[in-house]
Structures are given as structure tokens and as C-alpha cells.
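Okay, here's what each chain looks like letter by letter:
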Amino acid sequence: MAKTIALANQKGGVGKTTSCVNLAAALHLMGRRVLLVDADPQGNASSGMGVSKAKRPNTYDILSGRASAADCIVHTNYGDVIPTGKELAAASVELIESDRREYVLKDALLSLFSEYDYIFIDCPPSLELLTVNALVAADSVLIPMQCEYYALEGIADLMTSIRLCSRRLNKRLTVEGVVLTMYDARMNLTLQVADELRKYLGDKVYQTVIPRSIRLTEAPSHGIPGVVYDKSNKGSRAYMALAEEFDARCRKV
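Bear in mind the structure is a predicted one, so any value in this text is a computation, not a measurement. (Residues numbered from 1 in each chain as written. Predicted model: local features only at pLDDT ≥ 70, side-chain atom pairs only at ≥ 80, totals over all residues. Heavy atoms only, no water.)

Trainee: I'm lost on the environment of alanine 91 in this one. Help?
Mentor: Structurally, the position occupied by alanine 91 is in helix α5 (residues 91-95). On the accessibility criterion, alanine 91 (2% relative accessible area) is buried. With 32 residues separating them in the primary sequence, alanine 91 and threonine 59 have C-alpha atoms 9.3 Å apart. (Helix = DSSP H or I, 4+ residues; strand = E, 2+ residues; numbered from the N terminus. Buried < 20%, exposed > 50% of the residue type's maximum accessible area, 1.4 Å probe, protein only.)

Pasting the structure below:
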């Protein structure tokens with residue numbers, strides 16, 4: 001049975017999609033069966049895995065009842081992908097009138113659970129109905145966050161939202177952990193925020209940190225995950241280490 005993980009953070013620009021793409025690709029390289037579901041209308045996770053944002057059917061077609069999840073899967077060299085594009089933005093409005101509107105994605109993915117070890121869902125950078133669908137479909141939430149003051153403020157709001165979702169819609173939902181991204185050990189603020197997070201969340205904060213890396217930011221323009229684009233880069237090595245830590249934690253549980 002697959003473990004389903006939503007990557008969420010209502011603050012944009014924290015490395016959420018980069019983490020989703022590279023963690024999925026790294027686990028695929030390790031021999032795990034991985035599916036990435038792009039639930040962000042920006043479609044950056046799709047293009048980061050080398051799949052066109054114009055590819056149909058996609059996540060929008062799943063949520064609008066036009067296609068099954070299995071029909072939307074695209075096989076790539078870096079793992080399987082259910083892509084999306086800008087039309088997904090309309091799904092939030094269309095779902096409002098639907099019965100069980102928070103459970104549409106979960107119901108659609110049920111048939112795929114036996115096919116994968118991990119299903120990753122890349123969420124929009126907001127706490128809207130698309131994100132709620134992802135949280136309801138997920139077993140846990142992985143939170144990439146930058147080591148800055150505003151991010152520290154925002155994580156408290158996100159934790160509240162996760163608790164509310166767990167209480168009302170998905171009782172099995174837990175916090176998988178927090179991944180520190182764009183990490184710069186030369187900056188005192190980075191070290192202070194990391195220290196505060198570890199005091200607040202303990203071992204929920206992953207030991208592996210993701211440093212700033214130009215090569216990681218270049219990779220999406222080539223439609224290749226960073227861990228494949230430049231394997232020797234420090235950012236790529238960090239994501240491979242994160243994948244190993246993530247996999248070990250999941251298997252231990």
C-alpha cells in the first residue's frame with residue numbers, strides 16, 4: 001500500500017515544488033515506486049519532471065470527473081506523474097457545489113494505492129480547496145520551509161490548519177516532518193530559526209538540510225529534476241540524502 005504525502009506550505013518561494021520533484025525523483029532512483037500528483041495550477045512540478053503543462057487528461061480532469069487517475073498517469077524516467085496546468089484553477093470553484101468536495105482526490109487515488117510505495121502531492125501555496133483535497137487524501141504532510149522569520153510565523157498557521165483537517169476530515173493525517181530549504185549556515189538567522197524549529201518540533205525536523213543551489217534552480221528549465229541534472233551538485237546530494245532519511249523513517253514506522 002502506498003504512503004501518500006502532501007507537500008504543503010501556504011508561503012510561496014520556500015522550495016516546496018523543488019522538494020517534491022527532487023524527493024520523488026531521488027526515491028525513484030533508489031528503486032522505489034513513486035507517483036507525483038501535481039495539484040498546483042502553476043504546474044511547475046509537472047514541467048520539473050519533464051511533462052508538458054498542456055498534457056491532458058490531468059489533475060483537473062480527475063477533479064472534474066472527466067477522467068480516472070489511472071488515465072492521467074504519465075511515465076517518465078524520473079517516476080510517474082499526474083500532471084496539471086492552469087485549467088486546474090477552475091476546479092476550486094467547480095468543486096464548491098459538489099457533494100463530498102473535500103474527498104474527490106482521495107477517492108480518485110484509492111485505485112492506485114497498490115501500485116506505488118509513495119504518492120507525493122504538490123499543493124498550491126495557499127490553504128484553499130485544492131490543498132484541502134490533498135490533505136484529505138494524504139497520510140501525512142511534509143513541510144518545506146525557508147529559515148527566515150516570516151516562515152517561522154507561517155508554520156504555526158499551517159500546523160493549526162493541519163490539526164483542523166485531522167480533527168474534521170482526515171483523522172489519520174499527521175505531520176511527516178519539516179525540511180529546511182535554502183539553508184545558509186553562514187547566516188545567524190538561519191541557525192537561529194533552525195534552532196527554534198528543533199526546539200518546537202523536535203525530531204519532526206529532518207536532519208538533512210537543503211542548501212541554496214544555482215544548479216537546482218537551473219534544472220526545471222531543462223525539464224529534468226536536479227538530482228539527475230547534476231548529480232554531483234551539493235543540492236542534488238542533499239536531496240539524495242533527504243530521500244534516504246525519509247525512506248528510512250517511513251520504513252521504521
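Trainee: Please explain the nonpolar core as it appears in this structure.
Mentor: Most often, soluble globular proteins keep nonpolar side chains buried together rather than apart. Among the nonpolar cores identified, the biggest contains 55 residues, and Ile82, Leu109, Val178, Leu180 and Leu197 are the most heavily contacted of them. Leave out the neighbours within four places in its chain, and leucine 197 touches Met145, Leu152, Ile155, Val178, Leu180, Gly202 and Val205. Counting 31 residues, the second-largest nonpolar core is a separate cluster that includes Cys20, Ala24, Ala26 and Val74. (Core = buried A, V, L, I, M, F, W, Y, C linked by side-chain atoms within 4.5 Å. Contact = heavy atoms within 4.5 Å.)

Trainee: Looking at this structure, I do not really get the pattern of salt bridges. What am I missing?
Mentor: Opposite charge on two side chains permits them to pair, given that their charged atoms come into close proximity. All told, the structure shown has 15 salt bridges when counted by the stated rule. Notably, a salt bridge pairs glutamate 176 with lysine 3, separated by 2.7 Å at the nearest N-O pair. Of the two residues, glutamate 176 is situated in strand β7 (residues 174-181) and lysine 3 in strand β1 (residues 3-7); the sequence distance between them amounts to 173 residues. For glutamate 176, a relative accessible area of 10% corresponds to the buried category. Classification of lysine 3 by relative accessible area gives partly exposed; the value is 21%. A salt bridge links aspartate 40 to lysine 16; the nearest nitrogen and oxygen atoms lie 3.8 Å apart. On the criterion of sequence distance, the pair formed by aspartate 40 in the loop between β2 (34-38) and α2 (44-48) and lysine 16 in helix α1 (residues 16-29) is long-range, its members being 24 residues apart. Given the relative accessible area of 7%, lysine 16 is considered buried. Salt bridges sharing partners connect three or more residues here, namely Lys16, Asp40 and Asp122. (Salt bridge = Lys/Arg side-chain N within 4 Å of Asp/Glu carboxyl O.)

Trainee: Help me understand the pairing of strand β4 (residues 79-82) in this model?
Mentor: Judged from the three bridges that link them, β2 and β4 form a sheet pairing that is parallel. Paired with leucine 35 across the bridge in β4 is aspartate 80. Relative to β4, strand β3 (residues 74-76) is paired through three bridges, and the arrangement is antiparallel. Residue valine 74 lies in a different strand from β4, and its bridge partner there is valine 81. The turn linking β3 back onto β4 is made up of two residues. (Pairing = 2+ DSSP bridges.)

Trainee: I'm lost on the packing of α1 against helix α12 (residues 234-252) in this one. Help?
Mentor: The geometry of a pair of packed helices is captured by two quantities: the angle between their axes and the separation between those axes. Interaxial distance between α1 and α12 falls to 9 Å at its minimum, and their mutual angle equals 70°. Comparing the axis directions of α1 and α12 gives the class roughly perpendicular. Contacts between α1 and α12 involve Thr18, Ser19, Asn22, Leu23, Ala26, Leu27 and Leu29 from the former and Tyr239, Met240, Leu242, Ala243, Phe246 and Asp247 from the latter. Taken together, the residues that form the contact of α1 with α12 break down as nine nonpolar, three polar and one charged. (Axes fitted to C-alpha atoms, helices over the stretch in contact; angles between N-to-C directions. Parallel < 35°, antiparallel > 145°, perpendicular 65-115°, else oblique. Nonpolar A, V, L, I, M, F, W, Y, C, P; charged D, E, K, R; others polar.)

Trainee: I'm lost on the environment of glycine 79 in this one. Help?
Mentor: Tracing the backbone shows glycine 79 in strand β4. In this structure, the C-alpha to C-alpha distance between glycine 79 and lysine 53, residues 26 residues apart in sequence, is 17 Å. Filtering out sequence-adjacent residues up to four positions away, glycine 79 remains in contact with His28, Val34, Met49 and Val74.

Trainee: Is there a simple way to think about the side chain of threonine 76 in this case?
Mentor: Checked against the element boundaries, threonine 76 lands in strand β3. On the basis of relative accessibility, which here comes to 18%, the residue threonine 76 falls in the buried class. Only 3.0 Å separates the side chain of threonine 76 from the backbone nitrogen of tyrosine 78, close enough to count as a polar contact. Here the side chain of threonine 76 touches glycine 79 through a polar contact of 2.5 Å, landing on its backbone oxygen. Those residues in contact with threonine 76 that lie beyond four places of it in its chain are Met49, Val51 and Val81. (Polar contact = N/O pair within 3.5 Å; in protein donor to acceptor, adjacent residues only side chain to side chain.)

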